[in-house]
Each structure stands twice: as structure tokens, then as C-alpha cells.
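What follows is the residue order along each chain.
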Amino acid sequence: DAGVTQSPTHLIKTRGQHVTLRCSPISGHKSVSWYQQVLGQGPQFIFQYYEKEERGRGNFPDRFSARQFPNYSSELNVNALLLGDSALYLCASSSTANSGNTIYFGEGSWLTVV
Amino acid sequence: GQNIDQPTEMTATEGAIVQINCTYQTSGFNGLFWYQQHAGEAPTFLSYNVLDGLEEKGRFSSFLSRSKGYSYLLLKELQMKDSASYLCAASHPSGGSYIPTFGRGTSLIVHP
């Protein structure tokens, strides 16, 4: 069975541009979360979606948005990119949004903003 | 607010035992995750503790004390491949769901 898949794996964008990152959860998983990981730090929570509804939002500006599709895949969008948005963006899936459900991470999308 | 604290870096010798500590303060608490992350890779799940006490899983064990807001990950018979970052994360309620808040990670260096 495939794990969590993300695309693209690496990308370079210019300040002010927009980026869309994509994620497909493990088959059967209905919850998708997005995290930002800056070098040397732990993952920082951005969004959680369950059954296509936003269930949680971290402390990120409105430039960050996301959505979940009927097939439970998800997109993370970032507008007006800043140099500080350069990071590894991790998608994680779990079977539900309940406590105790292990979250499984994808390999991530490395974003560099120049 | 949520606060997760763990040491930045630790070193140990191959074959030895190492304990990585984590303290947490969260608004509500459900359980404590430990993840391993090799450089340039995604985090992989190691353990999840809900109840107080020690849970053993092969060479790795994890301990939780809810009253003290404290956990540790114990790695035995260290191998070179155990060199990685170890992430502690506290699961807590947020907006009708549960999310893990991660610490900065502890970089473990295992040397011969």
C-alpha cells in the first residue's frame, strides 16, 4: 500500500509568487494535516482537515490556505511568498481526527523562495 | 499556549544506552508522541503514550508521567543508524480536533 504522497518534492519560487502543494493520504485515511518545518526546528502545525472540513488552524497568516477534496487528497496554497516561507512542507494523514490516531508523514515538499 | 522542551543535541557511543527527555505544557493533553527523523527525510512514528508508565518496543522504550508533564525516550544497544533527530510531540485538543505540537527535536549523534 502506498504511503502519504506529496508533490512536488522540490521547487524554487520567487518572492511574491504563489505556490500549490499537493498531498494524497494513505488509502482509507480521512484526515490530512499540513506542517511547516524550518531547518533545525520541529514541524509547526498549519492546518488539519477531516471529511473536507477544516478542523484546526495553526498560527499562520492568511496567505496560507488549504482544502480537502472528496477523495481526501489535499492542497496547501501559499500566496505572496516571502523568503521566510522557505521550508519543508509536510503532509500527514491519519484515519480520524481523534486523539491517539497516529499521524503518518509524507516525504515532504522542499520549497525555496529566492 | 503550548510549550514543548527537549535538549538540542546529545552524543552517545555505539552499543550504549541514551535517554532523551521531554517536558511539555499544553492547554489540555491527550498523549505524547515520539518520532524519529533522519536528515532530509520525513518523521517516522516511534511511540504514543497515553497512560503513565513505560512502554517497551524492541530497543526503544518510552515513558510518560502526566502529573509531571514529562516523558523520555530510551534507546538501548545504540547503532550508528540511530543517529537522527528525535521529535517529542504533545497531542492536545484544538478546535474540535486533536493536534500534536512538536518540540524542536533532539539531534542524537552516535559515534563508534
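Relevant structure appears above.
Residues numbered from 1 in each chain as written. Chains lettered and ligands numbered in written order. Predicted model: local features only at pLDDT ≥ 70, side-chain atom pairs only at ≥ 80, totals over all residues. Heavy atoms only, no water.

## Details of the sheet that holds strand β1 (residues 5–7) of chain A
Residues and elements named next belong to chain A.
In step 1: Read from one edge to the other, the open sheet built from 4 strands follows the order β1-β3-β8-β7, with strand pairing classed as antiparallel. The open sheet terminates on both sides in strands that have one partner only, identified here as β1 and β7 (64–68). Put simply, the sheet's adjacent strands are angled 15° from each other on average, direction ignored.
In step 2: In this sheet, strand β3 (residues 19–24) lies alongside β1 in antiparallel orientation, the contact comprising 3 bridges. (Pairing = 2+ DSSP bridges. Helix = DSSP H or I, 4+ residues; strand = E, 2+ residues; numbered from the N terminus. Axes fitted to C-alpha atoms, helices over the stretch in contact; angles between N-to-C directions.)

## Looking at the interface of chain A and chain B
In step 1: Counting residues at the interface gives 23 residues for chain A and 22 residues for chain B.
In step 2: Carbon and sulfur atoms make up 54% of the surface buried where chain A meets chain B, a total of about 1,700 Å² over both sides.
In step 3: Where chain A meets chain B, there are 4 residue pairs in polar contact (both at pLDDT 80 or more).
In step 4: At the level of secondary structure, the elements contributing two or more residues to the side of chain A that touches chain B comprise β4 (31–37), β5 (44–50) and β9 (87–94) of chain A.
In step 5: Ranked by the residues each element gives to the side of chain A that touches chain B, the list is headed by β5(A), at 3 residues.
In step 6: Of the residues that constitute the side of chain A that touches chain B, the class distribution is 9 nonpolar, 12 polar and 2 charged. (Contact = heavy atoms within 4.5 Å. Buried area = accessible area lost by both parts, 1.4 Å probe. Polar contact = N/O pair within 3.5 Å; in protein donor to acceptor, adjacent residues only side chain to side chain. Nonpolar A, V, L, I, M, F, W, Y, C, P; charged D, E, K, R; others polar.)

## Examining the environment of A:Val4
Residue and element names in this part refer to chain A.
In step 1: Topologically, Val-4 is positioned in the segment before β1.
In step 2: On the basis of relative accessible area, Val-4 is assigned to the buried category, the value being 11%.
In step 3: Excluding residues within four positions of it along the chain, Val-4 makes contact with Cys-23, Ser-24, Ile-26, Cys-91, Ser-93, Tyr-104, Phe-105, Gly-106 and Glu-107. (Buried < 20%, exposed > 50% of the residue type's maximum accessible area, 1.4 Å probe, protein only.)

## Comments concerning the side chain of A:Ser31
In step 1: Note that A:Ser31 resides in strand β4.
In step 2: A distance of 3.3 Å separates a polar side-chain atom of A:Ser31 from the backbone oxygen of A:Tyr49.

## As for the sheet that holds strand β8 (residues 70–75) of chain B
All names here are of chain B.
In step 1: With antiparallel pairing, 5 strands are arranged side by side in an open sheet as β1-β3-β8-β7-β6. Each edge of the open sheet carries a strand with a single partner, namely β1 (3–5) and β6 (53–57). Ignoring which end each strand starts from, the neighbouring axes of this sheet average 15° apart.
In step 2: With 5 bridges joining them, β6 and strand β7 (residues 60–65) adopt antiparallel strand pairing. Its bridge partner lying in β7, Glu-56 is registered against Ser-61.

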